[in-house]
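Structural characterization, general
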Amino acid sequence: MARANRLDTPGSRGAGRVPAQSSDRFGRFTEWVARAMGTPAFLVILTLFCAVWVTWNTLMPEQLRFDDAALGFTALTLMLSLQASYAAPLILLAQNRQDDRDRVQIEQDRQRAERNLADTEYLAREIVALRLALEERSSQAVTRDVLRQELKALLAELGDDRTDERGRDRDDTR
């Protein structure tokens, strides 16, 4: 049995396979085209190209012209239509990629906002608990009389514990 067909040994990775063309490369290309077509430099270059084209085919001698002005510069019109027919889908592909990135970013922002809200609610509950505890402490103002009564009660309780089994105070035996 050949090694590639055996189930008890791992197969070799990539052996005999051609690496797949990255679909991301085409996406980056579409974004580059969309960015390039949206620049003033592109518009200036396209305008200069058209101006040179029209000037050449209007002012040059008949035998050097390649696009007839009488026919409305058919070749120029076809070239610009071809450029537009490719530009529109490439720009749409770039927009779709940007929409996908935006969707992921929005989801991450939503999750971050949920975590922040949960943290804020937790902190608000903790602050309320601290505020309640402080209010409870401040409402229990201890006066001298209350303190004396508490101390006498504690001393009485301690006095009961300090008597020995015979009923006498341990302090009296000294």
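Small disclaimer: the values here were computed from a predicted structure and weren't measured.

Calculation notes
Note on numbering: residues in each chain are counted from 1, in written sequence order. Since the coordinates come from a predicted model, pLDDT governs what is reported: local features require at least 70, and pairs of side-chain atoms require 80 or more to be given and counted, while whole-chain, interface and lining totals use all residues. By convention in this description, side-chain values take in all heavy atoms of the structure and omit both hydrogens and water. Labels follow the DSSP assignment, with helices taken as runs of H or I lasting at least four residues and strands as runs of E lasting at least two, numbered in each case from the N terminus. Expected helix span is computed as 1.5 Å times (number of residues minus one). In this scheme, a residue with accessible area under 20% of its type's maximum is buried, one over 50% is exposed, and one in between is partly exposed, where area comes from a 1.4 Å probe on protein chains only. Working rule for contacts: check all heavy atoms of both residues, and any pair within 4.5 Å makes them a contact. For this analysis, a ring pair means two rings from Phe, Tyr or Trp (six-membered ring only for Trp) whose centres lie within 6.5 Å, classed as stacked if their planes differ by under 30 degrees, edge-to-face if by over 60, and tilted for the remaining angles. A fitted line through C-alpha atoms represents every axis, and for helices the fit uses only the stretch in contact; the resulting angles, taken between N-to-C directions, go from 0 to 180 degrees. Small angles under 35 degrees read as roughly parallel and large ones over 145 as roughly antiparallel, with 65 to 115 read as roughly perpendicular and the rest as oblique. Less than a right angle of anticlockwise turn of the near helix away from the far helix marks a crossing as left-handed, whereas a clockwise turn marks it as right-handed. When residues are grouped by polarity, Ala, Val, Leu, Ile, Met, Phe, Trp, Tyr, Cys and Pro land in nonpolar, Asp, Glu, Lys and Arg in charged, and all others, Gly among them, in polar. When charges are counted, Lys and Arg are positive and Asp and Glu negative, with His and the chain ends excluded. By salt bridge we mean one thing: a side-chain nitrogen of Lys or Arg within 4 Å of a carboxyl oxygen of Asp or Glu. Pairs of N or O atoms within 3.5 Å make up the polar contacts considered here, provided that, within protein, one atom can donate a hydrogen while the other can accept it, and that residues adjacent in sequence are counted only when both atoms are side-chain atoms. It is the directions from the helix axis to the C-beta atoms that the arc portrays.

1. A look at helix 3 (residues 74–139)
With 66 residues, helix 3 should cover 98 Å at 1.5 Å per step; its first-to-last C-alpha distance of 94 Å lies within 8% of that length. Burial in helix 3 covers these residues: Leu-76, Ala-87, Leu-90 and Ala-94. Buried residues in helix 3 make contact with helix 1 (23–37) and helix 2 (40–59).

2. Considerations on the packing of aromatic side chains
Evaluation of the coordinates by the stated rule reveals four aromatic pairs. An angle of 35° between the planes, with centres 6.2 Å apart, marks the rings of Phe-26 and Phe-29 as tilted. A residue pair is termed a helical-turn pair when its members lie 3 or 4 positions apart in one helix, as Phe-26 and Phe-29 do in helix 1 at three residues. Phe-26 sits in the partly exposed class, given a relative accessible area of 47%. Among the aromatic residues, ring-to-ring pairing joins Phe-26, Phe-29 and Trp-32 into one connected group.

3. Examining the packing of helix 2 against helix 3
As a packed pair, helix 2 and helix 3 sit with axes 11 Å apart at the nearest point and diverge in direction by 160°. Compared by their axis directions, helix 2 and helix 3 come out roughly antiparallel. In this structure, helix 2 meets helix 3 at a crossing whose hand is right-handed. Contacts between helix 2 and helix 3 pair Phe-42, Leu-46, Phe-49, Cys-50, Trp-53 and Val-54 from the former with Ala-75, Leu-76, Met-79, Leu-80 and Gln-83 from the latter. When its residues are assigned to classes, the contact of helix 2 with helix 3 shows 10 nonpolar, one polar and no charged.

4. Some points on the side chain of Asp-67
With respect to the secondary-structure elements, Asp-67 resides in the loop between helix 2 and helix 3. One buried charge, Asp-67, has no salt-bridge partner; the nearest side chain with opposite charge is Arg-65, at 10 Å. A polar atom in the side chain of Asp-67 sits 3.1 Å from the backbone nitrogen of Ala-75. Ignoring anything within four residues of it in the chain, the contact list for Asp-67 reads Trp-53, Asn-57, Phe-73, Thr-74, Ala-75 and Leu-76.

5. Remarks on the pattern of salt bridges
If you walk through the whole model with that rule in mind, you get nine salt bridges. For the salt bridge of Glu-31 with Arg-101, the shortest nitrogen-to-oxygen distance reads 2.7 Å. Highlighted residues: Glu-31 in helix 1 and Arg-101 in helix 3, separated in sequence by 70 residues. You can call Glu-31 buried: its relative accessible area is 11%. Among the residues examined, Arg-101 registers a relative accessible area of 37% and is labelled partly exposed. A salt bridge links Arg-103 to Asp-100, with the nearest nitrogen and oxygen atoms 2.9 Å apart.

6. A look at helix 2
Its 20 residues give helix 2 an end-to-end C-alpha distance of 28 Å, which sits within 8% of 28 Å, the value for a rise of 1.5 Å per residue. Every buried residue of helix 2 is accounted for by Cys-50, Trp-53 and Asn-57. Buried residues along helix 2 cover an arc of 60° about the axis, so they all sit on one side. In helix 2, those exposed residues whose orientation departs by more than 90 degrees from the buried face are Pro-40, Ile-45, Thr-47, Leu-48, Val-52 and Leu-59. In this fold, the buried residues of helix 2 make contact with helix 3.

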